[in-house]
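Below, each chain spelled out in residue letters.
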Amino acid sequence: MAFSPKVKRTTKHGDGAQNLLRSQKDAYARLLNQHQNGKFRSYLQELATQQVEESMSTSVSSLSSQQSRQMADASICSYTDKTSYQVTCTEDQGIKPGMLEKHARMELHKAAAPKKVPSKPQHKRNEKDIKISSNLVGSEEGDSQQLSCSCGEEQAKDKSKKKRLKGNLAKKDEGECGPEVDVITGKSPNKNIKAPQTQASKESLLQNNKDKGTKSGRGSRKQLFEEYMRTEDVSAGLERGELIKGVLRINPKKYKEAFVPSPDGSADIFLDGIAARNRALNGDVVVVKVLPPEQWKEVSGDINERTLANQMVPKAPDVIVEARYNEDDEVIGKMKNVCLHDKAPVTTQSVKHGSAFNISGSSSERAMQRTGKVVIIFEQKHSRAASGFLKFLPNKNFAMFSPVDHRIPRVNVPLVDCPADFVSRPGDYENVLFICRITHWPADNNFAEGRLAKTLGQAGEIEPETEGIMTEYDVDFSEFSEEVLNCLPQDLPWSIPAHELSRRRDLRKECVFTIDPATARDLDDALSCKQLSDGNFEVGVHIADVSYFVEEGSVLDQIAGKRATSVYLVQKVIPMLPRLLCEELCSLNPLTDRLTFSVIWKLSPEGKILSEWFGRTVICSCIKMSYDHAQSMIEAPDKHFSAEELPPCSTNHRIHEIKEAILNLHNIAKQLRAQRFESGALQLNQLKLSFSLDKESSMPQGCYVYQYQDSNKLVEEFMLLANMAAAHQIYRTYPELAILRRHPPPQSKMVDDLQEFCDQMGLDIDLNSSRGLHRSLNENLGNDEYAAARREVLTHMCSRAMQMASYFCTGALKDENSFHHYALNVPLYTHFTSPIRRYVDVIVHRLLAASLNCGPPLSLSLEEVHKLASHCNDRKTASKRVQELSSELFFAVFVKECGPLDSEAMVMGVLDQSFDVLVLRYGVQKRIYCNEKMPVNASLHVMQ
């Protein structure tokens with residue numbers, strides 16, 4: 001908003017009002033810093049607002065009634081940082097410029113004074129960090145360019161030297177707050193950027209507001225982001241090695257920090273600030289130009305700050321260390337080499353023992369980290385959708401959308417998209433979640449432009465939050481269309497056609513059974529085992545033949561390929577295929593004939609493969625067993641199990657026969673497992689949180705760490721064996737079209753830093769090979785009561801150094817050595833065992849059928865298989881993150897309803913005013929924020 005020159009000249013009475021308000025705001029800020037009670041804070045904010053209104057009425061008598069109302073709507077200050085109680089000025093919209101400027105200076109001065117407000121140590125800022133908008137996206141303060149009243153350039157400079165701050169505004173806790181803008185009331189710290197000129201009339205003001213929503217209205221603005229480089233220049237730069245392409249990762253707790261991996265495996269390239277990202281969002285594939293050395297970042301110790309996603313142990317048996325995508329913020333190098341009780345004598349036993357793992361920098365020397373800037377977004381991987389809240393802006397034809405994820409910019413959305421009564425009753429929507437899609441982000445604006453897509457519901461409730469998560473990660477949870485459902489068998493109940501039976505190996509009389517979680521409804525795999533007369537065993541892995549029902553090129557095939565994977569939330573599953581297939585016709589339900597794709601081996605008792613057979617089969621599972629059922633047989637091999645202790649079983653097979661098959665499989669699996677780890681395989685099992693839910697409301701009633709038992713390991717070993725066998729079969733037949741899964745070795749820089757840290761802490765950890773690491777984690781951590789906790793912490797730390805496993809087309813990679821799977825330590829690997837929930841497995845089944853002359857050849861080209869592999873990688877990563885966020889949501893709701901919860905924890909790292917812990921009872925990582933002095937008898941609580 002602009003003001004006429006007449007408003008700038010005030011009377012002595014007005015000055016007295018300003019002085020009164022200033023003193024009131026001084027007292028207000030001091031009181032609010034001392035009292036954090038929510039009701040008291042609300043009362044103070046209302047009181048201060050009333051005082052501002054009264055002051056306005058006496059000191060600015062020349063303003064129109066409309067402008068006075070705008071002044072009354074102005075927000076005074078926002079004191080929202082719950083960890084360090086810092087004062088941050090927000091949209092002082094409609095307030096008289098001179099008074100607003102003085103108040104802003106006063107608040108900034110108080111925020112910078114360490115005596116008044118305890119805050120985090122200030123990070124040094126260079127001149128780049130003080131640009132008006134370069135490093136900022138859509139914060140409350142950033143609204144000043146569009147929302148706040150602006151002083152004239154002459155007044156903006158008035159007394160600036162005398163009032164110049166000695167320090168920067170104390171930063172908000174960046175895990176809680178959105179980006180900060182270093183400009184208050186239109187006064188720019190960058191002297192090259194002029195404040196908007198004042199307008200004399202209401203008509204001019206309205207026209208100016210209108211112009212701000214148009215392209216012509218932005219014509220006079222300074223360009224905040226660089227124009228993207230031309231495609232031909234990008235291609236030439238990549239070929240010459242002058243530019244680097246990679247996936248952008250934005251730190252979720254420090255949104256101004258972003259990273260792009262270095263192609264040579266060395267330290268990541270650091271992107272400092274919003275401007276350096278050039279409108280790219282998290283997960284986008286970007287092309288980066290490395291800045292000159294004089295602009296590199298000086299850091300101490302490890303410079304590889306990994307900002308990857310929280311780990312989760314997926315259902316897939318091969319994910320022994322695959323896809324350890326971890327979005328924790330500080331890792332290894334940022335931590336200081338101090339024990340917690342060196343700062344304060346914390347006597348909690350869990351903290352005391354855990355302090356041995358406080359992570360130090362690898363070196364006290366200063367190092368330089370390369371910095372860069374985005375020159376083009378090569379591929380937009382982010383969905384450009386977000387969940388968040390709407391904020392009403394007086395006299396604007398748009399509202400401000402504030403995303404929950406602070407890595408996403410704030411968005412201007414037209415009022416026509418908002419609820420009908422939003423303008424008249426904006427307070428009704430303060431806690432309502434909306435979905436917004438970004439449509440455009442101009443180069444001259446901190447804020448993106450977008451459209452509201454949907455109203456979700458109240459924030460904090462499970463279903464609205466879950467829908468927001470799925471939408472943001474582009475999970476298709478819509479119902480399948482009629483066109484898709486028409487591709488399914490229409491004559492129900494369905495039975496296997498006689499001509500199809502004649503083309504398959506009939507295994508319906510064999511003792512075949514499934515072992516799955518008790519709640520599983522999509523049963524992909526079954527097992528069989530019988531002892532032969534020569535003492536060897538015939539072992540079969542039987543996988544649902546989904547490719548029989550999903551015809552290549554059909555509408556059903558297209559939607560399955562687009563979804564690429566089922567998404568497993570805590571309370572439900574978003575299926576890749578219609579439920580008629582995934583829960584009935586394809587699911588290997590007991591006592592029902594089902595079509596399968598099988599691999600059958602002749603194995604010695606030691607697990608040596610003597611022969612192998614692949615082919616299409618038909619089975620009839622005799623029993624659906626849970627992992628607990630199989631575990632009870634493994635733990636009590638001599639026990640006689642009655643029919644009442646087990647699920648319904650076929651009369652063609654005795655319970656004793658089933659138990660013998662499971663025990664034989666268990667013994668062979670132990671041999672296979674021992675051989676794998678002796679050959680150099682690595683397993684980094686991390687704690688996985690599970691929930692017990694109310695059957696009616698689906699609300700969490702309890703949570704526990706999922707127990708990984710011998711029965712899980714049994715199934716895992718034979719699924720791994722089947723996947724490896726399928727990989728060799730399809731690569732042997734189709735060396736250019738096979739879709740396999742590779743896992744590169746870990747980042748060398750991070751491994752070196754972790755090794756140095758372990759050496760400094762006296763931990764005997766061998767990180768030179770996967771075999772050495774696995775042995776160290778299982779043999780070298782002692783046998784005291786905290787050995788298991790040490791192992792969990794080190795497992796988390798080691799996982800962060802791991803790269804993600806990924807699908808690829810063999811014809812797209814010329815070096816066969818790059819096919820290697822590091823965690824499994826095998827040359828070839830793929831996914832074959834879960835076609836109901838993974839589309840890659842469907843493609844592998846088609847390749848297998850073609851290679852065995854029991855199916856048509858694959859119609860896809862090398863380029864199409866390559867694109868398909870890339871798409872499946874993206875969807876798998878998104879699905880994994882949604883799964884993690886669903887678990888975090890339910891844990892938050894559980895703690896809110898039942899907390900606080902007490903648990904032992906082990907310290908993983910210490911920062912300046914916080915420390916990270918692994919909460920052992922729940923397997924979750926949490927950051928504990930400290931006051932200046934921790935109490936002597938501190939106890940850790942899991943707080944969400």
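All of these numbers come straight from a predicted model, not from anything done at the bench.

K.L.:
Account for the overall build of the protein, naming residues and giving values.
P.N.:
Looking only at helices and strands, one finds 26 helices and 33 strands in the protein. Residue burial in the protein is summarised as follows: out of 944 residues, 57% are buried. Long-range pairs, those at least 24 residues apart, make up 73% of the contacts in the protein with a sequence separation of at least 6. Carbon and sulfur atoms form 49% of the exposed surface of the protein, whose accessible area is close to 41,100 Å².

K.L.:
Before we move on, can you summarise the pattern of salt bridges with the specific residues and values?
P.N.:
A pair can form between side chains of opposite charge whenever their charged atoms are brought close. Per the stated rule, a full pass over the model turns up 38 salt bridges. Of the charged contacts, one joins Arg249 and Asp268 as a salt bridge, the two residues approaching to 2.7 Å between their closest N and O atoms. Of this pair, Arg249 sits in strand S4 (residues 249-250) while Asp268 sits in the loop between strand S5 (257-260) and strand S6 (269-272), and the two are 19 residues apart along the sequence. Each member of the pair, Arg249 together with Asp268, is buried. One salt bridge in this structure joins Arg503 and Glu500, with 2.6 Å as the shortest N-O distance. Look at Arg503 and you get exposed, because its relative accessible area is 61%. Residue Glu500 is classed as buried on the basis of its relative accessible area of 4%. One network of salt bridges, with partners in common, ties together Glu500, Arg503, Arg504, Asp545 and Arg616.

K.L.:
Give a detailed account of the pairing of strand S25 (residues 689-693), specifying residues and quantitative values.
P.N.:
Where S25 meets strand S26 (residues 700-705), five bridges bridge the pair, whose relative direction is antiparallel. Bridge assignment links Ser692 to a residue of S26, and that residue is Gly702. Between S25 and S26, which follow one another and run antiparallel, lie six residues, and Ser698 among them has a positive phi close to 60 degrees.

K.L.:
Kindly report on helix H24 (residues 787-801), identifying the contributing residues and their values.
P.N.:
Between its first and last C-alpha, H24 extends 22 Å over 15 residues, near the 21 Å set by a 1.5 Å rise per residue. The buried count for H24 comes to 13 of 15 residues, which makes it a mostly enclosed element.

K.L.:
Explain the nonpolar core residue by residue, including any values.
P.N.:
Of all hydrophobic cores here, the largest spans 103 residues; its most connected members are Phe513, Leu527, Phe718 and Phe832. With near-sequence residues (within four places) excluded, Phe832 lies in contact with Ile543, Phe597, Val599, Phe614, Ala722, Asn723, Ala726, Arg838, Asp841, Val844, His845 and Leu848. By size, the runner-up hydrophobic cluster in this structure holds 25 residues, among which are Leu763, Ala789, Met797 and Cys798.

K.L.:
Could you give an account of the packing of aromatic side chains, with specific residues and numbers?
P.N.:
Taken as a whole and assessed by the stated rule, the structure comprises 14 aromatic pairs. Their ring planes at 85 degrees and their centres at 5.6 Å tell us that Tyr731 and Phe819 sit as a pair that is edge-to-face. Here Tyr731 is found in helix H21 (residues 710-733), whereas its partner Phe819 is found in the loop between strand S28 (806-809) and helix H25 (839-851), with 88 residues between them in sequence. With relative accessibility at 3%, the residue Phe819 sits in the buried group. A network of ring pairs unites the aromatic residues Phe392, Phe422, Tyr429 and Phe434 as a single cluster. Taking the ring centre of Phe677 as reference, the NZ or CZ of Arg676 above it sits at 4.9 Å.

K.L.:
Mind laying out the pairing of strand S14 (residues 432-440), listing which residues take part and the relevant values?
P.N.:
In terms of strand pairing, strand S11 (residues 385-391) meets S14 through four bridges, oriented antiparallel. Along S14, the bridge assignment pairs Ala386 with Cys436. Pairing between S14 and strand S15 (residues 448-458): eight bridges, direction antiparallel. Looking across to S15, one finds that His440 is bridged to Glu449.

K.L.:
Can you tell me about the sheet that holds strand S22 (residues 593-603), naming the residues and giving the values?
P.N.:
Taken in spatial order, the seven strands line up as S16-S23-S22-S19-S18-S17-S24 in an open sheet, and their pairing is mixed. Lying at the two open borders of the sheet, with one neighbouring strand each, are strand S16 (505-506) and strand S24 (624-626). Pairing of S22 with strand S23 (residues 609-620), which is carried by 11 bridges, proceeds in the antiparallel orientation. In the sheet register, Phe597 faces S23, and the bridge partner there is Arg616. Across the sheet, H25 is in contact with strand S19 (537-544), S22 and S23; its angle to S22 comes to roughly 70 degrees.

K.L.:
Can you break down the sheet that holds S14 residue by residue, with the values?
P.N.:
A barrel is described by the order of its strands in space; here five strands give the closed sequence S11-S12-S13-S15-S14, paired in mixed fashion. Ignoring which end each strand starts from, the neighbouring axes of this sheet average 50 degrees apart. Inspection of the sheet shows strand S12 (residues 398-403) paired to strand S13 (residues 411-414) by four bridges, in the antiparallel sense. Residue pairing for S13: Met400 is matched across the bridge by Asn412. Lying on the sheet, helix H13 (residues 462-472) is in contact with S11, S14 and S15; it crosses S15 at an angle near 150 degrees.

K.L.:
If you had to explain the packing of H13 against helix H26 (residues 862-898) to someone new, which residues and values would you point to?
P.N.:
Direction vectors running N to C along H13 and H26 enclose 160 degrees, while the axes themselves pass 10 Å from each other. Relative to H26, H13 is oriented roughly antiparallel. The element H13 and its partner H26 pack so that their crossing is right-handed. Residues Ile462, Glu465, Thr466, Ile469 and Met470 of H13 touch H26, and the partners they reach there are Val882, Leu885, Ser886, Leu889, Phe890 and Val893.

K.L.:
Lay out the side chain of Thr371 with the relevant residues and their values.
P.N.:
Locating Thr371 in the fold gives a position in the loop between strand S9 (366-369) and strand S10 (372-379). When neighbours within four sequence positions are excluded, Thr371 is seen to be in contact with Ile269, Phe270, Lys289, Val290, Leu291, Gln295, Trp296 and Lys297.

K.L.:
Explain the UniProt feature "binding site: Mg(2+)" (unreviewed entry) in the protein to me, and be specific about the residues and the numbers.
P.N.:
Summarizing the sequence annotation, UniProt attributes the feature "binding site: Mg(2+)" (unreviewed entry) to Asp516 and Asp525 in the numbering used throughout. Considering the arrangement of structural elements, one finds Asp516 in strand S17 (residues 512-516). Mapped onto the elements, Asp525 comes out in strand S18 (residues 525-531). Overall, the relative accessible area of 9% leaves Asp525 in the buried class. Setting aside residues up to four positions removed in sequence, Asp525 forms contacts with Thr514, Ile515, Asp516, His542, Ile543, Leu588, Val715, Met719 and Thr833.

K.L.:
How would you summarise H21 if you had to cite specific residues and measurements?
P.N.:
Taking 1.5 Å of rise per residue, the 24 residues of H21 would be expected to cover 34 Å, and the 35 Å separating its terminal C-alpha atoms lies within 8% of that figure. In terms of residue burial, H21 counts as a mostly covered element, since 19 of its 24 residues are buried.

K.L.:
How would you explain the packing of helix H20 (residues 655-678) against H21 if you had to name every residue and give the values?
P.N.:
Here H20 crosses H21 at 65 degrees, and the two axes come no closer than 9 Å. By the angle between their axes, H20 is roughly perpendicular relative to H21. The element H20 and its partner H21 pack so that their crossing is left-handed. Contacts between H20 and H21 involve Ile662, Leu665, His666, Ile668, Ala669, Leu672, Arg673 and Arg676 from the first element and Asp710, Lys713, Leu714, Glu716, Glu717, Phe718, Leu720 and Leu721 from the second.

K.L.:
Describe a nonpolar patch on the surface, listing the residues and the values that go with them.
P.N.:
Together, Tyr704, Tyr706 and Tyr708 make up an exposed nonpolar region whose accessible area comes to about 280 Å². With respect to the element layout, Tyr704 can be found in strand S26. The class of Tyr704 is partly exposed, set by a relative accessible area of 42%.

K.L.:
Go over the confidence of the model for the protein with me, naming the residues and quoting the values.
P.N.:
In this model, the protein carries an average pLDDT of 76, and 68% of its residues clear a pLDDT of 70 or more. Across residues 20-25 the pLDDT falls below 50, and counting only partners more than four positions away or on other chains, this stretch makes 13 contacts in the model. Scored below 50 in pLDDT, residues 301-365 makes 233 contacts in the model with residues more than four places away or belonging to other chains.

K.L.:
Please give an account of unusual backbone geometry that cites residues and values.
P.N.:
Residue Pro493 is bonded to the preceding Leu492 through a cis peptide linkage, with omega at 0 degrees. Take Pro493: it is sitting in the loop between helix H14 (482-485) and helix H15 (498-501). If you check the backbone angles, Arg384 has positive phi at about 65 degrees while not being a glycine. When you line up the elements, Arg384 lands in the loop between S10 and S11. Backbone geometry at Asn825 places phi at a positive 55 degrees, although glycine is not the residue there. For Asn825, the position within the fold is in the loop between S28 and H25.

Rules and cut-offs
Residues numbered from 1 in each chain as written. Predicted model: local features only at pLDDT ≥ 70, side-chain atom pairs only at ≥ 80, totals over all residues. Heavy atoms only, no water. Helix = DSSP H or I, 4+ residues; strand = E, 2+ residues; numbered from the N terminus. Buried < 20%, exposed > 50% of the residue type's maximum accessible area, 1.4 Å probe, protein only. Contact = heavy atoms within 4.5 Å. Areas by Shrake-Rupley, 256 points an atom, 1.4 Å probe, with all protein chains shown as cover. Salt bridge = Lys/Arg side-chain N within 4 Å of Asp/Glu carboxyl O. Pairing = 2+ DSSP bridges. Expected span 1.5 Å × (residues − 1). Core = buried A, V, L, I, M, F, W, Y, C linked by side-chain atoms within 4.5 Å. Phe/Tyr/Trp six-rings, centres within 6.5 Å; stacked < 30°, edge-to-face > 60°. Lys NZ or Arg CZ within 6 Å of the ring centre and 35° of its normal. Axes fitted to C-alpha atoms, helices over the stretch in contact; angles between N-to-C directions. Parallel < 35°, antiparallel > 145°, perpendicular 65-115°, else oblique. Left-handed = near helix turned anticlockwise from the far one by under 90°. UniProt positions renumbered as here; feature names shortened; annotations may be inferred. Patch = residues over 30% accessible without salt bridge, like charges linked within 9 Å, V, L, I, M, F, W, Y side chains within 5 Å. pLDDT = per-residue confidence, 0-100.

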